[in-house]
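Here is what each chain is made of, one letter per residue.
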Amino acid sequence: MERIQSNTRTHTHVHVVGGGLAGLTAAITAAESGARVTLHEGHRTLGGRARTTDGPYRTNEGPHALYRGGPHWAWLARRELLGPVVSVPPLEGLRFRFRRAGALRALPPAALLRLSRRSPRTAPVDATFRDWAAGQVGDEGARAAAHFAAAALFHHDPGGLSARFVQERLARLASLPPEARYPAGGWGRLVERLAGHARAIGVTVETGARVDTRTLGELARTGPVVVATSLDAARVLLDDASLNWESGRTVLVDLALRTRRGDAFVVSDLDAPGWVERFTAQDPGLAPAGEQLLQGQFPIGPDARRAEGTARAEVLLDLGFPGWRERTTWRAEALADGRTGAVDRPGTTWRDRPSVIRGDGIFLAGDQVAAPGLLSETSFTSGIEAALLAVKAANRRSGPSAGPGSGQSTTHPSPSGG
């Protein structure tokens, strides 16, 4: 049984480096377990990749959604942190479109739908998704399914990844009714609630507090440290060359258009990995009145230029949003390189990624470490795991004065996704 907050405040001190989703989750978990917690964020604002721009176009760093079946949904709800969330209106859902053989279609191939209903447990870890899926529904259906699943992978070659890894994401992405929900106002609103809750339960939040290798050592002398940064940043901070895992490389396209009746809600590219979603379909306040906000992601290979992803984005826009060039009021592009979560090759699972436990009172959290979950859920589950281990280590360090039962206030979230 989970106990949200411990009544016993210990003399232990836990430091959290990084104020994104993983860091905020770790800080809250450690504080609820009785520790004194300081969160150190190098930027002036919290949120990491869950930041939302101030406006007038409220964009996230790429398409973001909460999955209702995931572990952090219940965790947030128990703490009354979900806030207002919106789903896609049914009529907008009817405007879901697919690019197949170069044309815009209203329905995906039946093979894709059949495959999405297969239990992920039937997909082998050791085979590629391409080979396994082709044996289930044929080459064409396997290719379409791989490209559709790329919306939850941000990777240029989903078919070459572990069959189990991709199928877990395909099944959740294609679930009916849809799992996806959207925090009203963007993910920044969710970050604000998490930060407010952290402060309310005693977490000291320091922004503009950049931690380097020297200051990390100083922090570690006063208590365990949870490093909740990107894996690239953690590798430098901890001077640990083993902190490597494959991620995606994705062109992110944000676009504001003058509203036109009949525009698609989503265009999913089944000829290549790519996705454009009209986020104002479910949350009109993300753009000024009379305009609509689109966000898309187009994975590209390790040696490809950003222009390749941009060109593929424009193909989908031509199909689903006629006259979009003349209607554009604002546009932004970015390249997310190694910032879209871990991907697992055949023969590997999340358990093979860099361990949460780094030794010497250092623990790791983020979306590329050894923790289960889909996309941001990995940050959430690793944040809880790292915080509980840090509290336990702090209690061992402080000895009997920590009080009985400290650091045992929560249970681990059940795995969700891979």
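(A) Summary view of the overall build of the protein. Regarding its fold elements, the protein presents 13 helices and 16 strands. For 418 residues, the compact-globule formula gives about 22 Å, and the C-alpha radius of gyration of the protein, at 22 Å, lands near that figure. For the protein, the spread of C-alpha atoms along the three principal axes comes to 70 × 50 × 40 Å. Expressed as a percentage of its 418 residues, the buried residues of the protein come to 57%. Put simply, of all contacts in the protein between residues at least 6 apart along the chain, 74% involve residues at least 24 apart. Accessible surface for the protein amounts to roughly 17,000 Å². Of this, 52% is attributable to carbon and sulfur atoms. Averaging the locations of the 51 positively and 42 negatively charged side chains of the protein gives two centres separated by 4 Å.

(B) Up close: helix α9 (residues 213–220). Buried within α9 we find Thr-215, Leu-216, Leu-219 and Ala-220. The buried side chains of α9 occupy one side of the element, clustering within an arc of 145 degrees when seen end-on. As for α9, its buried residues are in contact with β1 (13–17), β2 (36–41), β9 (225–227), α10 (231–237), β16 (362–364) and α13 (376–398).

(C) A look at the packing of aromatic side chains. Summed over all chains, the structure comprises nine aromatic pairs. Members of the aromatic cluster, each reached through a chain of ring pairs, are Phe-96, Phe-98, Phe-148, Phe-265 and Trp-275.

(D) Just the side chain of Thr-52, in detail. Note on placement: Thr-52 falls in the loop between β2 and β3 (66–67). Separated by 3.1 Å, the side chain of Thr-52 and the backbone nitrogen of Trp-187 make a polar contact. Here Gly-188 takes part through its backbone nitrogen, which lies 2.6 Å from a polar atom of the side chain of Thr-52. Not counting chain neighbours up to four residues away, the residues in contact with Thr-52 comprise Arg-58, Thr-59, Asn-60, Gly-185, Gly-186, Trp-187 and Gly-188.

(E) Expanded view of the sheet that holds β16. A sheet is described by the order of its strands in space; here six strands give the open sequence β8-β2-β1-β9-β16-β15, paired in mixed fashion. Strands at the two margins of the open sheet, each flanked by one partner only, are β8 (204–207) and β15 (357–359). Across the sheet, the mean angle from the axis of one strand to that of its neighbour is 20 degrees, orientation sign disregarded. Bridging between β2 and β8 involves four bridges; their strand directions are parallel. What sits directly across from Leu-39, in β8, is Val-205. The strands that α9 touches are β1, β2, β9 and β16; relative to β9, the one it contacts most, it runs at about 145 degrees. Contacts from α13 reach β1, β9, β15 and β16, with the element oriented near 170 degrees to β16.

(F) Summary view of unusual backbone geometry. Pro-56 follows Gly-55 through a cis peptide bond whose omega is 10 degrees. Turning to its location among the elements, Pro-56 is positioned in the loop between β2 and β3. Along the chain, Leu-176 connects to Pro-177 via a cis peptide bond; the corresponding omega equals -5 degrees. Mapped onto the fold, Pro-177 is located in the loop between α7 (163–173) and β7 (180–183). Backbone geometry places Phe-154, a non-glycine residue, at a positive phi of 55 degrees. The residue Phe-154 is located in the loop between α6 (139–149) and α7 in this model. Not every positive phi belongs to a glycine, and Asp-239 is a case in point at roughly 50 degrees. Along the polypeptide, Asp-239 turns up in the loop between α10 and β10 (249–258).

(G) Representation of the packing of α6 against α7. Where α6 contacts α7, the two axes come as close as 9 Å, and the packing angle between them is 75 degrees. When the axes of α6 and α7 are compared, the pair comes out roughly perpendicular. Counted together, Ala-145, Phe-148 and Ala-149 of α6 and Val-166, Leu-170 and Leu-173 of α7 form the full contact between these two elements.

(H) Structural view of the nonpolar core. Membership of the largest hydrophobic core comes to 59 residues, with the highest contact counts inside it found for Leu-194, Val-203, Val-226 and Val-227. Here this core gets nine residues from one element, more than from any other, and that element is α13. Setting aside anything within four residues of it in sequence, one finds Leu-194 in contact with Leu-21, Leu-24, Ile-28, Trp-75, Leu-76 and Leu-81. If you look at the next biggest cluster of nonpolar residues, it comprises 41 residues, including Phe-148, Ala-163, Ala-174 and Leu-374.

(I) Representation of the pattern of salt bridges within the structure. Evaluation of the coordinates by the stated rule reveals 27 salt bridges. A salt bridge links Arg-79 to Glu-32; the shortest N-O distance between them is 3.0 Å. With Arg-79 in the loop between α2 (71–78) and β4 (85–86) and Glu-32 in helix α1 (residues 21–32), this residue pair connects regions lying 47 residues apart in the sequence. Of the two residues examined, Arg-79 and Glu-32, each falls in the buried class.

Reading the values: the criteria
- Residues numbered from 1 in each chain as written.
- Predicted model: local features only at pLDDT ≥ 70, side-chain atom pairs only at ≥ 80, totals over all residues.
- Heavy atoms only, no water.
- Helix = DSSP H or I, 4+ residues; strand = E, 2+ residues; numbered from the N terminus.
- Rg over C-alpha atoms; globule rule 2.2 N^0.38 Å.
- Buried < 20%, exposed > 50% of the residue type's maximum accessible area, 1.4 Å probe, protein only.
- Contact = heavy atoms within 4.5 Å.
- Areas by Shrake-Rupley, 256 points an atom, 1.4 Å probe, with all protein chains shown as cover.
- Lys, Arg positive; Asp, Glu negative; His and termini not counted.
- Charge placed at Lys NZ, Arg CZ, Asp CG, Glu CD.
- Arc of directions from axis to C-beta.
- Phe/Tyr/Trp six-rings, centres within 6.5 Å; stacked < 30°, edge-to-face > 60°.
- Polar contact = N/O pair within 3.5 Å; in protein donor to acceptor, adjacent residues only side chain to side chain.
- Pairing = 2+ DSSP bridges.
- Axes fitted to C-alpha atoms, helices over the stretch in contact; angles between N-to-C directions.
- Parallel < 35°, antiparallel > 145°, perpendicular 65-115°, else oblique.
- Core = buried A, V, L, I, M, F, W, Y, C linked by side-chain atoms within 4.5 Å.
- Salt bridge = Lys/Arg side-chain N within 4 Å of Asp/Glu carboxyl O.

Shape descriptors only; they carry no functional weight alone.
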